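# Survey of secondary and tertiary structure
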Amino acid sequence: MLDYGSGNLRSAERALRRVGADVTVTSDFDAACEADGLVVPGVGAFAHCMEGLTAVRGPQLIGRRLAGGRPVLGICVGMQVMFDRGVEFGVEADGCGQWPGTVERLKADVLPHMGWNTVTAPAGSTLFNGLDADTRFYFVHSFAARRWELEESHAIRPPLVTWAHHGEDFVAAVENGPLAATQFHPEKSGDAGAQVLQNWLRDVVG
Amino acid sequence: MGVAVRVIPCLDVDAGRVVKGVNFKELRDAGDPVEMAAVYDAEGADELTFLDVTASSGERETMVDVVRRTAEQVFIPLTVGGGIRTPDDVDRMLRAGADKVSVNTAAIARPELLGEMARRFGSQCIVLSVDARRVPRDGTDGPPTPSTFEVTTHGGRTGTGIDAVEWAARGQELGVGEILLNSMDADGTRAGFDLELIEKVRRVVDVPVIASGGAGALEHFPPAIHAGADAVLAASVFHFGQLRIGEVKDVLRADHVEIR
């Protein structure tokens, strides 16, 4: 689990241990590069997270892992930073640029989107394997990817995009080869979240 | 489908022990907040709130330990309130495993504190707790406020003269991500939530509002949601086993409210 000064890592660490992972929390580039799987958590502001991430060479680290097909899981703002850029209160910041698109404020009556919501996962999803359509996950965020802009190509397997709705549709999870991410917090989503983490771990172990 | 209304049990904790712990049959130690939290989780609570009512500041570390042990075994969101006065207090609780902290009296003394906390930790983890009471328009109980509700301190005993509805709006402006709205008039009466208070605050804020104070029967919950609350919080009715979380959810579901 990548430690770059973004909030509370304890919950995610414990949730992963609960499903059998051997977890090391580190900001060391080499250790994070060599792990079987890397979790990139994140809470708070997009620009602030990118600053912290950049300070530990996170974007290069993520890029290097993905180039080698090594699994990465982004959670909440840790998912948002995988996009090209984020715009919060007029402040625009570059993200890691793994996916095209901008993370923006949701159009909804009540924000933050705080609480348990359902998601619509595509057929063939690994992350949501074994979970019913009415399963709820814990979200807390005001910003999200409101569109999925990666163009389909014959060269790559099309990513699996999971959607949720709060005021409007937004991207709730992505499974794109070795890069997976969730906008919700699996570590705070009780047994449902544990199942998602376990599904990811199984994929990591192969 | 949309985001579900949250049902949140609150535990009052004094020096690391649940106040007036009641022995449910599934509990070994009703005074242990960690064990109580696990029971609520198993019953379907959507979130947990600990309110630290410890009088002596020397015992504050005890609460940090309670939060740490709870976060070890409960995988739903946890909010901690009571005695949060500085950004460092927030930091300590978040590091221990809390997801949100609620701030009350300290923000009344210095509102900018809310902005400082929201900037450092993110709006999503700062909750403004508003203890509101009605003030008579005729001035017989202190100067009237525009909304007829004022902010109180000391468990509702001391008025501040600050308009409670304006204060909630101010909190949002300063960056808090949620309002915990406690009716001090309704608190302990078990006569139902103060719907007028909820409606008035709902009209001026667009962050989530948690309704608290007055829950005494199942039929009290749906009106609080229809008045505009995004979540309902109760302490004693759950604590004394008078109502179960599942029953509250059943009555909300029957009223076409989305629940988990």
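Preceding block: the structure.
Residues numbered from 1 in each chain as written. Chains lettered and ligands numbered in written order. Predicted model: local features only at pLDDT ≥ 70, side-chain atom pairs only at ≥ 80, totals over all residues. Heavy atoms only, no water.

### Here's the deal with helix 3 (residues 46-55) of chain A
Residues and elements named next belong to chain A. For clarity, the cut-off: Only protein chains enter the area calculation, which uses a 1.4 Å probe; residues under 20% of their type maximum are buried, those over 50% are exposed, and those in between are partly exposed. A run of H or I in DSSP becomes a helix once it reaches four residues, and a run of E becomes a strand once it reaches two; helices and strands are each numbered from the N terminus. Of all possible arcs, the one meant is that of the directions from the helix axis to the C-beta atoms. In what follows, a contact means two residues having at least one pair of non-hydrogen atoms within 4.5 Å.
Buried within helix 3 we find Phe-46, Cys-49, Met-50, Gly-52 and Leu-53. Projection of helix 3 onto a plane perpendicular to its axis shows the buried side chains occupying an angular sector of 165°, all on one side. Exposed residues on helix 3 whose side chains face more than 90 degrees from its buried face are Glu-51 and Ala-55. Along its buried surface, helix 3 packs onto strand 1 (38-40), helix 4 (58-67), helix 5 (77-80), strand 3 (83-88), strand 4 (91-94) and strand 5 (99-105). In the stretch just after helix 3, Arg-57 is the one whose phi turns positive, near 60°.

### Digging into the environment of B:Arg68
Here B:Arg68 is to be found in helix 2 (residues 60-73). Remark: the alpha-carbon pair of B:Arg68 and B:Met93, spanning 25 residues in sequence, is separated by 8.5 Å. The contact partners of B:Arg68, leaving out residues within four places of it in the chain, are A:Arg10, A:Arg14 and B:Ala96.

### Here's the deal with the packing of helix 1 (residues 10-18) of chain A against helix 6 (residues 190-205) of chain A
Residues and elements named next belong to chain A. Selection criterion: The convention used is that axes are lines fitted to C-alpha atoms, helices contributing only their stretch in contact, and that angles between N-to-C directions extend from 0 to 180 degrees. Oblique is the label for any angle not covered by the other classes, which are roughly parallel (under 35 degrees), roughly antiparallel (over 145) and roughly perpendicular (65 to 115). In this count, Pro and Cys sit with the nonpolar residues alongside Ala, Val, Leu, Ile, Met, Phe, Trp and Tyr, while Asp, Glu, Lys and Arg are called charged and the others, Gly among them, polar.
Remark: helix 1 packs on helix 6, axes separated minimally by 9 Å, with the N-to-C direction vectors making an angle of 70°. Between helix 1 and helix 6, the angle falls in the class roughly perpendicular. Each of Ala-15, Leu-16 and Arg-18 in helix 1 lies in contact with helix 6, whose residues at this interface are Gly-190, Asp-191, Ala-194, Leu-197 and Leu-201. Taken together, the residues of the contact of helix 1 with helix 6 sort by class into 5 nonpolar, 1 polar and 2 charged.

### Structural notes on the state of the cysteines
The cut-off we apply is this: Disulfides are defined as cysteine sulfur pairs within 2.5 Å.
Considering all chains together, one arrives at 0 disulfides over all chains under this definition. Among the cysteines around A:Cys49, which has no disulfide bond, A:Cys76 carries the closest sulfur, lying 8.4 Å off. Classification of A:Cys49 by relative accessible area gives buried; the value is 1%. Of all cysteine sulfurs in the structure, the one in B:Cys125 sits closest to B:Cys10, which takes part in no disulfide; the separation is 18 Å.

### Brief notes about the packing of aromatic side chains
Selection criterion: Pairing of aromatic rings covers Phe, Tyr and the six-membered ring of Trp, with a centre-to-centre limit of 6.5 Å; geometry is then stacked below 30 degrees between planes, edge-to-face above 60, and tilted otherwise. Geometrically, a charge over a ring is one whose NZ (Lys) or CZ (Arg) sits within 6 Å of the ring centre while staying within 35 degrees of the ring normal.
One pass over the full model with this rule turns up 11 aromatic pairs over all chains. For the pair A:Trp99 and A:Trp148, a centre-to-centre distance of 5.4 Å together with 65° between the ring planes defines the contact as edge-to-face. Of this pair, A:Trp99 sits in strand 5 while A:Trp148 sits in the loop between strand 8 (143-145) and strand 9 (160-166); the two residues are 49 residues apart in sequence, bridging distant segments of the chain. Note on A:Trp99: relative accessible area 1%, which makes it buried. Across from the ring centre of A:Phe29, 4.1 Å away, lies the NZ or CZ of A:Arg57, which sits over that ring. Against the face of A:Trp116 rests B:Arg260, its NZ or CZ located 3.6 Å from the ring centre.

### Some thoughts on the sheet that holds strand 3 of chain A
Residues and elements named next belong to chain A. Rules: A pair of strands is labelled paired if DSSP reports no fewer than 2 bridges between them.
Reading across the sheet, the 4 strands line up as 4-3-5-8 and stay open at both edges, with mixed pairing between neighbours. A single partner strand is all that each edge strand has here, and the edge strands are strand 4 and strand 8. Strand-to-strand, the axes of this sheet are offset by a mean angle of 20°, without reference to chain direction. Across 3 bridges, strand 5 lies against strand 8 in antiparallel orientation. Within the sheet, the bridge partner assigned to Glu-104 lies in strand 8 and is Ala-144. Running at roughly 30° to strand 4, helix 3 makes contact with strand 3, strand 4 and strand 5 of the sheet.

### Concerning helix 6 of chain A
All names here are of chain A. Rule in force here: Here a helix's expected span is defined as the number of its residues, less one, multiplied by 1.5 Å.
For helix 6, with 16 residues, the first-to-last C-alpha span of 23 Å sits near the 22 Å given by 1.5 Å per residue. Along helix 6, the residues that are buried comprise Gly-190, Ala-192, Gly-193, Ala-194, Val-196, Leu-197, Asn-199, Trp-200, Leu-201 and Val-204. On its buried side, helix 6 packs onto helix 1, strand 1, strand 2 (72-75), strand 6 (113-118), strand 7 (136-141) and strand 11 (179-182). One or two positions beyond helix 6, positive phi appears at Gly-206, with a value near 85°.

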